[in-house]
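Per-entry structural report
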Amino acid sequence: SRVYIIPVCFYLLLLSACSTLKRVPKDEMLYTGSKVEIVTDTKIKKKGQIKADAKSVIRPDPNLTILGWRPTLWLYYKIGTPKRKKGLKVLLKNKVAQDPVYFSAVDLPLIVKGINAKLYNTGYLDSYCDYVVNRDKKRRAASVTFRLYIKPPFTINQVEFLRDTSALARII
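1. Details of the side chain of aspartate 53
Checked against the element boundaries, aspartate 53 lands in helix α3 (residues 47-57). The side chain of aspartate 53 sits in the buried core without any salt bridge; lysine 118 is the nearest counter-charge, 4.9 Å away. In this view, aspartate 53 contacts Lys118 and Thr122; residues no more than four positions away in its chain are not counted.

2. Thoughts on helix α4 (residues 71-79)
For α4, every residue scored as buried is listed here: Pro71, Thr72, Leu73, Leu75, Tyr77 and Ile79. Positive backbone phi, at 70 degrees, marks glycine 80, one or two positions downstream of α4.

3. Topic: the packing of α4 against helix α5 (residues 88-95)
Contact geometry for α4 and α5: axes closest at 10 Å, N-to-C directions at 140 degrees. In terms of orientation, α4 lies oblique with respect to α5. Judged by the twist between their axes, the crossing of α4 over α5 is left-handed. Between α4 and α5, the residues in contact are Leu75, Tyr76 and Ile79 and Lys89, Leu92 and Lys93, respectively.

4. A look at the sheet that holds strand β2 (residues 128-136)
Spatially, the three strands line up as an open sheet ordered β1-β3-β2, and their pairing is mixed. Of all the strands in the sheet, the pair left with one neighbour each is β1 (30-39) and β2. Pairs of neighbouring strands in the sheet enclose a mean axial angle of 20 degrees, with direction left out of account. Pairing geometry for β2 and strand β3 (residues 141-149), over nine bridges, is antiparallel. From the neighbouring strand, arginine 135 faces β3, where its bridge partner is alanine 142. Lying on the sheet, α3 is in contact with β1 and β3; it crosses β1 at an angle near 150 degrees.

5. Structural notes on the environment of isoleucine 58
Within the secondary structure, isoleucine 58 sits in the loop between α3 and α4. Residues isoleucine 58 and glycine 33 lie 25 residues apart in sequence; the distance between their C-alpha atoms is 9.4 Å. Among residues more than four places away in sequence, those in contact with isoleucine 58 are Tyr31, Ser34, Val36, Ile111, Ile115 and Phe146.

6. Describing unusual backbone geometry
At the junction of arginine 59 and proline 60, the peptide bond is cis and its omega measures out at -5 degrees in the coordinates. Tracing the backbone shows proline 60 in the loop between α3 and α4. At lysine 46, a position not held by glycine, the phi torsion is positive, near 60 degrees. Tracing the backbone through its elements, the reader meets lysine 46 in the loop between β1 and α3.

7. Re the pattern of salt bridges
Per the counting criterion, the structure on display carries two salt bridges. A salt bridge links aspartate 130 to arginine 147; the nearest nitrogen and oxygen atoms lie 3.3 Å apart. Linking aspartate 130 in strand β2 with arginine 147 in strand β3, this pair joins segments that are 17 residues apart in sequence. What makes aspartate 130 partly exposed here is its relative accessible area of 24%. Among the salt bridges present, the one from arginine 139 reaches aspartate 136, with a minimum N-O distance of 3.6 Å. The exposure class of arginine 139 is partly exposed, given its relative accessible area of 40%.

Conventions and cut-offs
Residues numbered from 1 in each chain as written. Predicted model: local features only at pLDDT ≥ 70, side-chain atom pairs only at ≥ 80, totals over all residues. Heavy atoms only, no water. Helix = DSSP H or I, 4+ residues; strand = E, 2+ residues; numbered from the N terminus. Buried < 20%, exposed > 50% of the residue type's maximum accessible area, 1.4 Å probe, protein only. Lys, Arg positive; Asp, Glu negative; His and termini not counted. Salt bridge = Lys/Arg side-chain N within 4 Å of Asp/Glu carboxyl O. Contact = heavy atoms within 4.5 Å. Axes fitted to C-alpha atoms, helices over the stretch in contact; angles between N-to-C directions. Parallel < 35°, antiparallel > 145°, perpendicular 65-115°, else oblique. Left-handed = near helix turned anticlockwise from the far one by under 90°. Pairing = 2+ DSSP bridges.

Structure, rendered in structure tokens:
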């Protein structure tokens, strides 16, 4: 009988996977994450570092997803509002369950400003970022693709320190 426990649990997970998106309010869309693409016409070194820098600016993080299932979000909707101030439901709601991250909470212009500032501060002065919103109205979910248009970075070939010609410098 133990052989059947794993497949039964797996099928229950699959059946409950769809229910989290059905509970999203009609006027909202669930934020499912973002991708970062690099668009360039020249060879750029450290593309991975550029992507990591851009991803570090992107907030908020989407809800936890395991094999397409959002267990913490499912738990949030399943528990609802606990009637008591103590107990297992309150503990699960506060420690394990995650509040849903709706697309309306994502401030895209602010994220683009942050990514542009990060690019500028790392030497990519003529580079810029824009975004495309990918909406799935059937599932009431949305994701964002940030496109980084990268130009070659500005570098300094040589730094030369001029000698101080003042009278004090001559004494020292």
